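# Breakdown of the fold
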Amino acid sequence: MRESLLKMTQPDAEAILKRSGLAILPMGSVEQHGPHLPCGTDYLASLVIGQKVAELVDALLVPFCPIGVTPFHMSFAGTLTLQPQTFIAVVEDICASLAQHGAKRVVFLNWHEGNTASMNLAGVSVQQRYGLRVIVVQACYIAFELFGKECGLTHGGELEVLPVLAYDPSLVHLERATNPSSPEHAQKIDSLRRGRAGYPFLKDIREIAPTGWYGEPQKATPERAKEFLERVANAAADYIQKTFKELQ
């Protein structure tokens, strides 16, 4: 597991950039995840996956801002959100620094769906302004592809407990997960916003889940978390290596 630049010495960071020219920005959010998971779940998920991926592809793991674009959750205390233009500006400034220090390629490794529109705009801007080649890895979707049949794509359910368990089991409090919202209603409404041909903009997570979360977190185990991290990180690393090779 590779530590981020935050804990790395300058010579070590410079050596990685000279070897690979590759940097990874883990992106997530600070938002409510029910009574059993930390508000930083989305960022911690991208961070722990990013630590493993950075090791596999020999990349510099950048200590990116943990706060994302998540007005959807603001009716719950503990949620913090950036304006899209703020998020984009932070990405641009960090990538400008990386380009100056020799980075040639950047991966946006994301766990929070709400970042997608802003992240995509930032990626286009960074490529045009700084000459970096940028790709996006949606770690949350990779996880769903690998584990979705068993876990489902819920909010605060097993699929989000697993990466936090992999990061730090002491942050998970499954005994507090006593007020899930109705899965039938939540899945029906949640599926509307995930359409491709058309989709509504929901105003508040409470339209999906009145308690703020739904799913079956109790199914998560430390053993499952270890498997989760290995498989998701390996799949992400494989995509990164193959995609950059194709883009050469």
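Let us look at the structure shown here. (Residues numbered from 1 in each chain as written. Predicted model: local features only at pLDDT ≥ 70, side-chain atom pairs only at ≥ 80, totals over all residues. Heavy atoms only, no water.)

## Concerning the pattern of salt bridges
Side chains that differ in charge, positive against negative, can pair when their charged atoms come close. Note the threshold: Salt bridge criterion: a side-chain nitrogen from Lys or Arg within 4 Å of a carboxyl oxygen from Asp or Glu. Counting from the N terminus, the helices are DSSP H or I runs at least four residues long and the strands are E runs at least two residues long. Here's how the labels work: a residue is buried when its accessible area is under 20% of the maximum for its type, exposed when over 50%, partly exposed in between, all with a 1.4 Å probe on protein chains only.
In the structure shown here, the tally under the stated rule is 18 salt bridges. Put simply, Lys242 and Asp238 hold a salt bridge, and the shortest N to O gap is 3.2 Å. Placement of the pair is Lys242 and Asp238 together in helix H8 (residues 222-247), with a separation of 4 residues, close to one helical turn. Asp238 gets classed as partly exposed once you look at its relative accessible area, which sits at 35%.

## Here's the deal with unusual backbone geometry
The phi torsion at Asp58 lies on the positive side, around 55°, for a residue other than glycine. With respect to the secondary-structure elements, Asp58 resides in the loop between helix H2 (41-57) and strand E2 (60-61).

## Focus: the packing of H2 against helix H6 (residues 158-167)
As a reminder, the rule being used: Comment: axis = line fitted to C-alpha atoms, over the contacting stretch for helices; angle = value between 0 and 180 degrees taken between N-to-C directions. Angles below 35 degrees are treated as roughly parallel, those above 145 as roughly antiparallel, those between 65 and 115 as roughly perpendicular, and all remaining angles as oblique. Two helices crossing with the near one rotated counterclockwise from the far one by less than a right angle form a left-handed crossing, whereas a clockwise rotation gives a right-handed crossing. Note on definitions: a residue-residue contact is assigned when non-hydrogen atoms from the two residues lie within 4.5 Å. All residues other than Ala, Val, Leu, Ile, Met, Phe, Trp, Tyr, Cys, Pro, Asp, Glu, Lys and Arg, Gly among them, are scored as polar; the first ten of these are nonpolar and the last four charged.
Relative orientation of the contacting elements H2 and H6 amounts to 60°, with a least axis distance of 9 Å. Between H2 and H6, the angle is such that the two are oblique. The element H2 and its partner H6 pack so that their crossing is left-handed. Listed contacts from H6 to Thr41, Asp42, Leu44, Ala45, Leu47 and Val48 of H2 are Glu160, Pro163, Val164, Ala166 and Tyr167. The class makeup of the residues in the contact of H2 with H6 is 8 nonpolar, 1 polar and 2 charged.

## Quick notes on the packing of aromatic side chains
The geometry of an aromatic ring pair is captured by the separation of the ring centres together with the interplanar angle, meaning the angle of the planes. Threshold: For Phe, Tyr and Trp, where Trp contributes only its six-membered ring, two rings pair if their centres lie within 6.5 Å, and the inter-plane angle classes them as stacked under 30 degrees, edge-to-face over 60, or tilted in between.
Tallied over the entire structure, the rule returns 4 aromatic pairs. With a centroid separation of 6.2 Å and an interplanar angle of 70°, the aromatic rings of Trp111 and Phe228 are classed as edge-to-face. One end of the pair, Trp111, is in the loop between strand E3 (105-110) and helix H4 (116-130); the other, Phe228, is in helix H8, with 117 residues separating them in the sequence. Here the two residues Trp111 and Phe228 agree in accessibility, since each one is buried.

## Describing the sheet that holds E3
Basically, it comes down to this: If DSSP finds at least two bridges between two strands, the strands pair.
Across the sheet, which stays open at both edges, the 4 strands sit in the order E2-E1-E3-E4 with parallel pairing between neighbours. Pairing within the sheet leaves two strands with one partner each, and these edge strands are E2 and strand E4 (133-138). Strand direction decides the pairing type here: strand E1 (residues 22-27) and E3, joined by 6 bridges, are parallel. Paired with Pro26 across the bridge in E3 is Leu109. Along the sheet, helix H3 (residues 84-100) contacts E1, E2 and E3; its crossing angle with E1, the most-contacted strand, is approximately 160°.

## Examining the environment of Gln85
Note on placement: Gln85 falls in helix H3. The class for Gln85 is exposed, based on a relative accessible area of 54%. Once the C-alpha coordinates of Gln85 and Leu44 are considered, the two residues, 41 residues apart in sequence, prove to be 23 Å apart.

## Points about the pairing of E1
Rules: Note on handedness: a clockwise path from strand one over the helix to strand two, with the strands aimed away from the viewer, defines a right-handed crossover.
The buried count for E1 comes to 6 of 6 residues, which makes it a mostly enclosed element. Burial along E1 is two-sided: Leu22, Ile24 and Pro26 and Ala23, Leu25 and Met27, pointing in opposite directions, are all buried. Taken together, E1, H2 and E2 form a β-α-β motif whose crossover is right-handed.

## Points about the environment of Arg2
The following threshold applies: A 3.5 Å cut-off defines polar contacts: any pair of N or O atoms within that distance qualifies, except that in protein one atom must be a possible hydrogen donor and the other a possible acceptor, and neighbouring residues in sequence count only when both atoms are side-chain atoms.
Tracing the backbone through its elements, the reader meets Arg2 in the segment before helix H1 (10-20). We classify Arg2 as buried; its relative accessible area is 18%. For the pair Arg2 and Glu207, spaced 205 residues apart in sequence, the C-alpha separation works out to 39 Å. With residues near it in sequence (within four places) discarded, Arg2 still touches Met8, Ile16, Arg19, Gln51, Ala54, Glu55, Asp58, Ala59 and Leu61. Within the local environment of Arg2, its side chain forms a polar contact with the side chain of Asp58, the two groups lying 3.0 Å apart.

## Describing the nonpolar core
We apply this condition: In these notes, a set of buried Ala, Val, Leu, Ile, Met, Phe, Trp, Tyr and Cys residues joined through side-chain atoms within 4.5 Å is what counts as a nonpolar core.
Grouped together as the largest cluster of nonpolar side chains are 40 residues, with contacts concentrated most on Ile24, Ile49, Val53, Val107, Phe228 and Ile240. Those elements giving two or more residues to this core turn out to be E1, H2, E3, E4, helix H5 (139-151), H6 and H8. Per-element accounting of this core gives the leading share, 9 residues, to H8. Not counting residues up to four positions away in its chain, the partners in contact with Phe228 are Ile49, Trp111, Ala143, Phe147, Leu159, Leu162 and Pro163.

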